[in-house]
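# Summary of structural features
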Amino acid sequence: MSKNIKIQSYDGREIQVSLYGENNREDAPNIVFVHGFKGFKDWGFFPYAAQYFADKGFFVVTFNFSLNGIGDNPLEFTEIEDFAKNTISREVKELELVIDNLKKGTFGKRTGKTGIIGHSRGGGVSLLYAGQESAKVDAITTWASVSSFMRYSERQINEWKEKGLLEVKNARTGQIMKMNYSYVEDILVNGSDKLNVLKAVEKITNPLLVIHGEQDLAVSVGEGKEIVAANSNKKVTAHYLSATGHTFDIVHPFETSTEKFNKVLELTLNHFENNLNNIGEK
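Let us look at the structure shown here. Predicted, not measured: the structure shown is a model, and the values here were computed from it. (Residues numbered from 1 in each chain as written. Predicted model: local features only at pLDDT ≥ 70, side-chain atom pairs only at ≥ 80, totals over all residues. Heavy atoms only, no water.)

Together, Met150, Leu188 and Val189 line one region of the surface with nonpolar side chains, adding up to about 260 Å² of accessible area. Topologically, Leu188 is positioned in helix H6 (residues 181–190). (Patch = residues over 30% accessible without salt bridge, like charges linked within 9 Å, V, L, I, M, F, W, Y side chains within 5 Å. Areas by Shrake-Rupley, 256 points an atom, 1.4 Å probe, with all protein chains shown as cover. Salt bridge = Lys/Arg side-chain N within 4 Å of Asp/Glu carboxyl O. Helix = DSSP H or I, 4+ residues; strand = E, 2+ residues; numbered from the N terminus.)

Have a look at this one:
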């Protein structure tokens, strides 16, 4: 079971949050899930995975970025104009805000160590956050993470600038999702430094687990390997899973777990049990 609350972003917009494992010990380790592009906290595997870790003794936080396009309907995109305004820099700041709220007791007094799980673009955002000196995180896991946010050709960018927006079709719903030019402008301005995923990975000193499907058609397994190679501290473990793709055979709406996703959960659990301490201690 989860508890739903809302907190405010730095500009007053709402961040929807779900909490799992509230009855677990105050000093239980924390896990924060970070969704990706066209993702949301109630998509597919997120509620199932959050409850899985809560049942294992963790306190779990899932949330929607304030401009991810989700409004009162938790399962469908209804705020298309908000979606258009989102940027990577904003998402990094909002992840920091969520973790700061966790640490200061907004979600109830929690004193345990904290891990992050980021999927797809959310993996890149998680790595950017974890590479900051001020990051309040003790272990990181990425699922099918991007290694770069620059995923557009020069021609696309020029057309984007001329029109002021890029239209992207949501294959699941058929909706046309718009992205303002400010999204890619943020990457063009900050991509070599503040939004450079691999540069952030170089700075990460806490344990990092990288999981990627070898048949991922949305984010190549090569990007996962780039993340691994970039970690100069060598506190990184990688698992490349055969015969599975970007969501490890999970669909939305969620139907059931899969053999591959069960493996993802098992690997992630082992990583956090080994690096966030005291699960199972009295």
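Next comes the rest of the description.
Inspection of every chain in the model, using the stated rule, returns 15 salt bridges. Note that Glu91 and Arg121 form a salt bridge whose closest N and O atoms lie 2.8 Å from each other. On the criterion of sequence distance, the pair formed by Glu91 in helix H3 (residues 88–104) and Arg121 in helix H4 (residues 121–130) is long-range, its members being 30 residues apart. In this structure Arg121 comes out as buried when scored by relative accessible area, which is 8%. (Buried < 20%, exposed > 50% of the residue type's maximum accessible area, 1.4 Å probe, protein only.)

Moving on: the layout of surface pockets. The calculated volume of the largest pocket comes to roughly 780 Å³. Partitioning the lining of the largest pocket into residue classes produces 14 nonpolar, 10 polar and 4 charged. One number sums up the size of the second largest pocket: a volume of about 170 Å³. Around the second largest pocket, the lining is made up of 14 residues, and of these Glu14, Gln16, Ser66, Ile70 and Gly71 lie nearest the centre. Its residues placed into classes, the lining of the second largest pocket shows 2 nonpolar, 6 polar and 6 charged. (1 Å grid on protein atoms, 1.4 Å probe; cavity = no way out; pocket = protein on both sides within 12 Å on 5 of 7 lines; lining within 4 Å. Points joined across faces, edges and corners; volume = space filled by probe spheres on them. Nonpolar A, V, L, I, M, F, W, Y, C, P; charged D, E, K, R; others polar.)

Moving on to the packing of helix H5 (residues 154–163) against H6. Look at H5 against H6: their axes get within 9 Å of each other, and the N-to-C directions meet at 130°. Here H5 is positioned oblique relative to H6, judged by the angle of their axes. Judged by the sense of rotation from one axis to the other, the crossing of H5 with H6 is left-handed. Contacts from Ile157, Trp160 and Lys161 in H5 reach Tyr181, Tyr183, Val184 and Leu188 in H6. Of the residues that constitute the contact of H5 with H6, the class distribution is 6 nonpolar, no polar and 1 charged. (Axes fitted to C-alpha atoms, helices over the stretch in contact; angles between N-to-C directions. Parallel < 35°, antiparallel > 145°, perpendicular 65-115°, else oblique. Left-handed = near helix turned anticlockwise from the far one by under 90°. Contact = heavy atoms within 4.5 Å.)

Within the structure shown, the criterion is met by 18 aromatic pairs. Ring geometry for Phe33 versus Phe53: centroids 6.2 Å apart, planes at 50°, classification tilted. Highlighted residues: Phe33 in strand E3 (residues 30–34) and Phe53 in helix H1 (residues 45–55), separated in sequence by 20 residues. Summarising the burial analysis for this pair, Phe33 and Phe53 share the class buried. Relative to Phe45, the ring of Trp43 has its centre 5.1 Å away and its plane inclined at 80°; by these criteria the two rings are edge-to-face. Of the two residues, Trp43 and Phe45, neither departs from the other in class, the shared state being buried. Taken together, the ring pairs connect Phe33, Trp43, Phe45, Phe46, Tyr52, Phe53, Phe58, Trp143 and Phe261 into an aromatic cluster. The side chain of Lys225 reaches across the aromatic face of Tyr240, ending 5.3 Å from its centre. (Phe/Tyr/Trp six-rings, centres within 6.5 Å; stacked < 30°, edge-to-face > 60°. Lys NZ or Arg CZ within 6 Å of the ring centre and 35° of its normal.)

Attention shifts here to unusual backbone geometry. With an omega of 0°, the peptide bond running from His252 to Pro253 counts as cis. Positioned with a positive phi, Ala144 is a non-glycine residue whose angle comes to about 55°. With respect to the helices and strands, Ala144 occurs in the loop between strand E6 (139–143) and H5. One non-glycine residue, Ala243, lies in the positive phi region at around 55°.

With respect to the secondary-structure elements, Asn170 resides in the loop between strand E7 (165–169) and strand E8 (176–180). Residue classification places Asn170 among the buried residues on the basis of a relative accessible area of 6%. In terms of polar contacts, Asn170 uses its side chain to reach the backbone amide nitrogen of Arg172, at 3.0 Å. (Polar contact = N/O pair within 3.5 Å; in protein donor to acceptor, adjacent residues only side chain to side chain.)

Attention now moves to empty space enclosed by the protein. Over the atoms, a rolled probe matching the size of one water molecule traces out where space is still vacant. Using the criterion set out here, one finds 1 cavity of 30 Å³ or more in the structure. For the largest cavity, the calculated volume is near 90 Å³. Here the residues of the lining of the largest cavity are counted per class, giving 5 nonpolar, 5 polar and 3 charged.

The values reported here are purely geometric and, on their own, carry no functional implication.
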